[in-house]
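As a plain string of letters, each chain reads:
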Amino acid sequence: MAKNKQEVEMGQQGPPGTAPPPKKGKGTQERDYGKPLPYDPEFKGPMGKRSCTDICCCFTFLIAIVGFIIIACFGFAKGDPRRMVYPLDQFGQFCGIGNQSARPYLYNPDITNTSGGDCVAQCPNGSTIVLGRCLPFNASNPMFQELLGSTLGSVTNLVSRSVADLTNTWWLILIFVFAAMILSFIWICLLRCFAGFLVWLSILGVLGALGAVTALVFWQGSEKAIAATNNPSQNSMTDAYIIYAIGGVLALIWVIILFIIFAMCGRIRLAIQILKETSRAVGSMVLIVFLPVWMFIIIALVAVAWLASVLFVLSSGTITVNGANRSFHLSWPMRYLAIYCLFFFFWMMWFIRGMTQLTIAGAISTWYFTREDDKGKKKIPEIGRAHV
């Protein structure tokens, strides 16, 4: 018995020559986790010792920006987007541009000859202007009206209605945008107080809605089966079998979701705590909600500048006239540069997206690791600091 007791004590103390395990308490916590940090109002969280880690990628991105600017300048100097819209006459001159600036329309009496036509100041009587071209059709011709109404007319009406709707309802759109923002703040406040209840209510709501749909599908299948049994000449059991199959798939999905929820209860509880902390952080840094709006404006401006540059690059080719044949030629280097511009566009969009995410992550992490003062408040970090 003594031997067993001695073995137990030796097992608790560890091998000979080693220190016994410390007892649970304050000393154990300090040995495992270190001494707790005192409150420091100048503490910057995890960003104090951060540094740039992707130097090579950063220089590559800067070189790509400079290259795109050089390509855009070349396009602005050599290109003219009007070449992509204005018609071309039989001599390789654009109507309404350069020497033909006083003749903006192309008139070709033989519409089957695509390489003919001359630039004119006004279209002849009995013709109709469509995209800068004088078509030898009378606008009062029922056939032409039907053709124009089914193609260009519908597009024109759609655009005009859309512009009119935006002009008349822009104030209502702004009201709904601000209302959505207010509801978002209310939802964040509710998450701060009732995160667990709202999360579980959402999960149970999804299960309940899917279960109700499944039950409705089976009920429709039973109705089809009864109708096919009572009146087989007008109803078929095949429809009932198909509906039952759909209901079986929905029921299987419901069971799978239920098992996933049971298996991830711990993860769901962790997500609830994260939502609580996130709502607290957003409540402390209200301006962080407007960061995606500013990034959307930046993306729109970059997209407009990129589109204008690409249009100038693509229109920087030359016109070749060979007898009755005319062609617009864009050199192979410019084609490769256009592909480069497309690649740069995607790179720039993902960079802006990543910058937004990293800025928000830096602000949230700084808020999280910043210790509270004696009044239980935290120093709000600057979210405008981008972590490139």
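Quick note: structure is the one above.
Now for a quick tour of the structure. (Residues numbered from 1 in each chain as written. Predicted model: local features only at pLDDT ≥ 70, side-chain atom pairs only at ≥ 80, totals over all residues. Heavy atoms only, no water.)

**Looking at the packing of aromatic side chains**
Two descriptors summarise a pair of aromatic rings, namely the distance from one centre to the other and the angle between the planes of the rings. Heads up, the rule is: Each aromatic pair joins two rings of Phe, Tyr and Trp (for Trp, the six-membered one) with centres within 6.5 Å, and gets the label stacked for planes under 30 degrees apart, edge-to-face for over 60, and tilted for any other angle. The helix count covers DSSP runs of H or I at least four residues long, the strand count covers runs of E at least two residues long, and both are numbered beginning at the N terminus. Each residue's exposure class comes from its accessible area (1.4 Å probe, protein chains only) as a fraction of the maximum for that residue type: buried when under 20%, exposed when over 50%, partly exposed otherwise.
Inspection of every chain in the model, using the stated rule, returns nine aromatic pairs. Aromatic side chains F68 and F344 sit 4.6 Å apart centroid to centroid with 15° between the ring planes, which places their arrangement in the stacked category. Taken together, the positions of F68 in helix α3 (residues 55-78) and F344 in helix α8 (residues 332-369) put the pair 276 residues apart, joining distant regions of the chain. Residue classification places F68 among the buried residues on the basis of a relative accessible area of 11%. With relative accessibility at 6%, the residue F344 sits in the buried group. Each member of the aromatic cluster is reached from another via a ring pair, and the members are F61, F343, W347 and F351.

**Describing the state of the cysteines**
Each disulfide consists of a covalent bond between the sulfur atoms of two cysteine residues. Applicable threshold: For this text, the term disulfide refers to a pair of cysteine sulfurs within 2.5 Å.
One pass over the structure, following the stated rule, counts two disulfides. Paired by a disulfide, C123 and C134 hold their sulfur atoms 1.8 Å apart. The disulfide joining C123 to C134 has a torsion of about -70° about its S-S bond and is therefore left-handed. Separated by 11 residues along the polypeptide, C123 in the loop between β2 (118-120) and β3 (128-130) and C134 in strand β4 (residues 133-135) bring together distant segments of the chain. In the protein, numbering the disulfide-bonded cysteines from first to last in sequence yields the connectivity 1-2, 3-4.

**Thoughts on the sheet that holds β3**
Cut-off, in case you're wondering: Strands are treated as partners if at least two bridges between them are detected by DSSP. Fitted lines through C-alpha atoms give the axes, limited to the stretch in contact for helices. The angle between two N-to-C directions lies from 0 to 180 degrees.
Strand order in the open sheet made by the four strands is β2-β1-β4-β3, with mixed pairing throughout. Where the open sheet ends on each side, the last strands, each with one partner, are β2 and β3. Put simply, the sheet's adjacent strands are angled 45° from each other on average, direction ignored. Relative to β4, β3 runs antiparallel, the two sharing three bridges. Within the sheet, the bridge partner assigned to T128 lies in β4 and is L135.

**Quick notes on the nonpolar core**
Operational definition: By convention a nonpolar core is built from buried Ala, Val, Leu, Ile, Met, Phe, Trp, Tyr and Cys residues, the set being connected through side-chain atoms within 4.5 Å. Only heavy atoms matter for contacts: two residues are in contact if any of them lie within 4.5 Å across the pair.
Core analysis: the largest hydrophobic core is formed by 18 residues, its most contacted members being F68, M295, W306, C341, F344, M348 and I352. Counting only elements with at least two residues in this core, the list comes to α3, α7 (291-314) and α8. Here the element with the most residues in this core is α8; it accounts for eight residues. When residues no more than four places from it in sequence are discounted, the contact partners of W306 are F68, C341, L342 and F345. Counting nine residues, the second-largest nonpolar core is a separate cluster that includes L191, A195, I268 and I272.

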